[in-house]
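This is what each chain is made of:
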Amino acid sequence: MLTLMAAIDIVLGIIELLRYKQRVLYIDIDVHHGDGVEEAFYTTDRVMTVSFHKYGEYFPGTGELRDIGVGQGKNYAVNFPLRDGIDDRSYKAIFEPVIKGVMEYYRPEAIVLQCGGDSLSGDRLGCFNLSMKGHANCVNFVKSFNLPVLVLGGGGYTMRNVARTWAYETGLLVGEQMGPELPYNDYYEVSSCNLPHIEPLTKICTAVLCTRLRT
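Moving on to the nonpolar core. One finds Leu 25, Ile 27, Ile 29, Phe 52, Tyr 91, Phe 95 and Ile 99 to be the most contacted residues of the largest nonpolar core, which totals 29 residues. If you list the elements that add at least two residues to this core, you get β1 (24-28), β2 (47-54), α3 (88-106), β4 (110-114) and α4 (132-143). At eight residues, the largest contribution of residues to this core is made by α3. Among the nonpolar cores identified, the runner-up in size contains 10 residues, and Val 11, Val 24, Tyr 26 and Val 37 belong to it.

Once that is clear, we can look at the pattern of salt bridges. Side chains carrying opposite charge are able to pair once their charged atoms draw close together. This model, assessed by the stated rule, comprises four salt bridges. As a salt-bridge pair, Glu 16 and Arg 19 come within 2.9 Å of each other at their nearest N and O atoms. The exposure class assigned to Glu 16 is partly exposed, which follows from its relative accessible area of 37%. We classify Arg 19 as exposed; its relative accessible area is 58%. Close ionic contact of Glu 104 with Lys 100 constitutes a salt bridge, the shortest N to O distance being 2.8 Å. Linking Glu 104 with Lys 100, this pair stays in helix α3, spanning four residues, or about one helical turn. Glu 104 gets classed as partly exposed once you look at its relative accessible area, which sits at 47%. Relative accessible area serves as the criterion here: at 43%, Lys 100 is assigned to the partly exposed category.

What describes a pair of aromatic rings is the distance from one ring centre to the other and the angle between the planes of the rings. The full count for this structure, using the stated rule, is nine aromatic pairs. Ring centres 6.3 Å apart and planes at 20 degrees place the aromatic pair Tyr 91 and Phe 95 in the stacked group. Of this pair, Tyr 91 and Phe 95 both sit in helix α3, four residues apart, which is roughly one turn of the helix. In terms of burial, Tyr 91 and Phe 95 fall into one category: buried. Through successive ring pairs, a cluster of aromatic residues spans Phe 52, Phe 80, Tyr 91, Phe 95, Phe 128, Phe 141 and Phe 145.

Cut-off values and rules
- Residues numbered from 1 in each chain as written.
- Predicted model: local features only at pLDDT ≥ 70, side-chain atom pairs only at ≥ 80, totals over all residues.
- Heavy atoms only, no water.
- Core = buried A, V, L, I, M, F, W, Y, C linked by side-chain atoms within 4.5 Å.
- Buried < 20%, exposed > 50% of the residue type's maximum accessible area, 1.4 Å probe, protein only.
- Helix = DSSP H or I, 4+ residues; strand = E, 2+ residues; numbered from the N terminus.
- Salt bridge = Lys/Arg side-chain N within 4 Å of Asp/Glu carboxyl O.
- Phe/Tyr/Trp six-rings, centres within 6.5 Å; stacked < 30°, edge-to-face > 60°.

In structure tokens form, the structure reads like this:
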């Protein structure tokens, strides 16, 4: 879910890109419909918006299949409404052919990808069932087209999942495979649960505390 200010930031970023690029593709994988960005470019063919989102009695209540743009923007807004519980395999089977088709049809010169973390499994507000790697597959697939890509965050309300996923996706973008080990940092002693010298029960209590601190 994007706040008004976040949507404005994305719109301003796309407008800046349009100074240098003729066609910009906006892709939104937040669990909520990308309504603000879609509305901003609903009447133009210079920006194509594609949103994969939960639809039906769910905020913001927009983004049905028939919303395709108007005027010059007709057929340049794509909405793919989804149901609760979609998993990695189903999401990939939808996302990849849709984006491949959009790329062939629209031939953008740059892409803006909004990676809302509330589409991850276990999100406090979301209702999808994507793993970190399933979510990151979208980033990797978009990257494979070798176009300039502006990658942004978005919603996400289980903080440890969002931080882990965005760190992993940043690694993919720069060609670094992120391992499971937490790198040393100023907060390592607070956040690390790798304490082998502690008795088992204390370990469990520490793990629970660490989980609460990350949430």
